[in-house]
Amino acid sequence: MIDEKNCRCFIENNGSFDDGFIPKIVTDSPALSEFEGAELKAEIGTRENGVVVSIFG
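Conventions adopted
- Residues numbered from 1 in each chain as written.
- Predicted model: local features only at pLDDT ≥ 70, side-chain atom pairs only at ≥ 80, totals over all residues.
- Heavy atoms only, no water.
- Pairing = 2+ DSSP bridges.
- Helix = DSSP H or I, 4+ residues; strand = E, 2+ residues; numbered from the N terminus.
- Disulfide = S-S within 2.5 Å.
- Buried < 20%, exposed > 50% of the residue type's maximum accessible area, 1.4 Å probe, protein only.
- Salt bridge = Lys/Arg side-chain N within 4 Å of Asp/Glu carboxyl O.

### Some points on the pairing of strand S3 (residues 41-47)
When S3 meets strand S4 (residues 50-56), the two strands line up antiparallel, connected through 7 bridges. For glycine 45, the partnering residue across the bridge sits in S4 and is valine 52. In textbook terms, the turn of a hairpin is the stretch between consecutive antiparallel strands, and for S3 and S4 this stretch comprises 2 residues.

### Concerning the state of the cysteines
Among covalent bonds in proteins, the disulfide is the one between the sulfur atoms of two cysteines. As enumerated under the stated definition, the model contains 0 disulfides in all. Cysteine 9 provides the cysteine sulfur closest to cysteine 7, a residue in no disulfide bond, and the two sulfurs are 6.4 Å apart. Taking relative accessible area as the criterion, cysteine 9 reaches 43% and is therefore assigned partly exposed.

### Side note on the pattern of salt bridges
Across all of its chains, the model carries 1 salt bridge by this definition. In this structure, aspartate 28 engages arginine 8 in a salt bridge whose closest nitrogen and oxygen atoms are separated by 3.2 Å. Of this pair, aspartate 28 sits in the loop between strand S2 (20-27) and S3 while arginine 8 sits in the segment before strand S1 (9-16), and the two are 20 residues apart along the sequence. Since its relative accessible area comes to 40%, aspartate 28 is described here as partly exposed.

Next up, the structure:
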């Protein structure tokens, strides 16, 4: 069973289209805390209704 609790998650995306994007995640969620300090990369794309940011570890 998933424990549904509210949390806060802030994603700061550093970089550029030329150099690539490096996101930094800050959260108070125990389930997402493993992503804080992780080496992540991001890709930016578009969809019919807006922008999509995909984050990979």
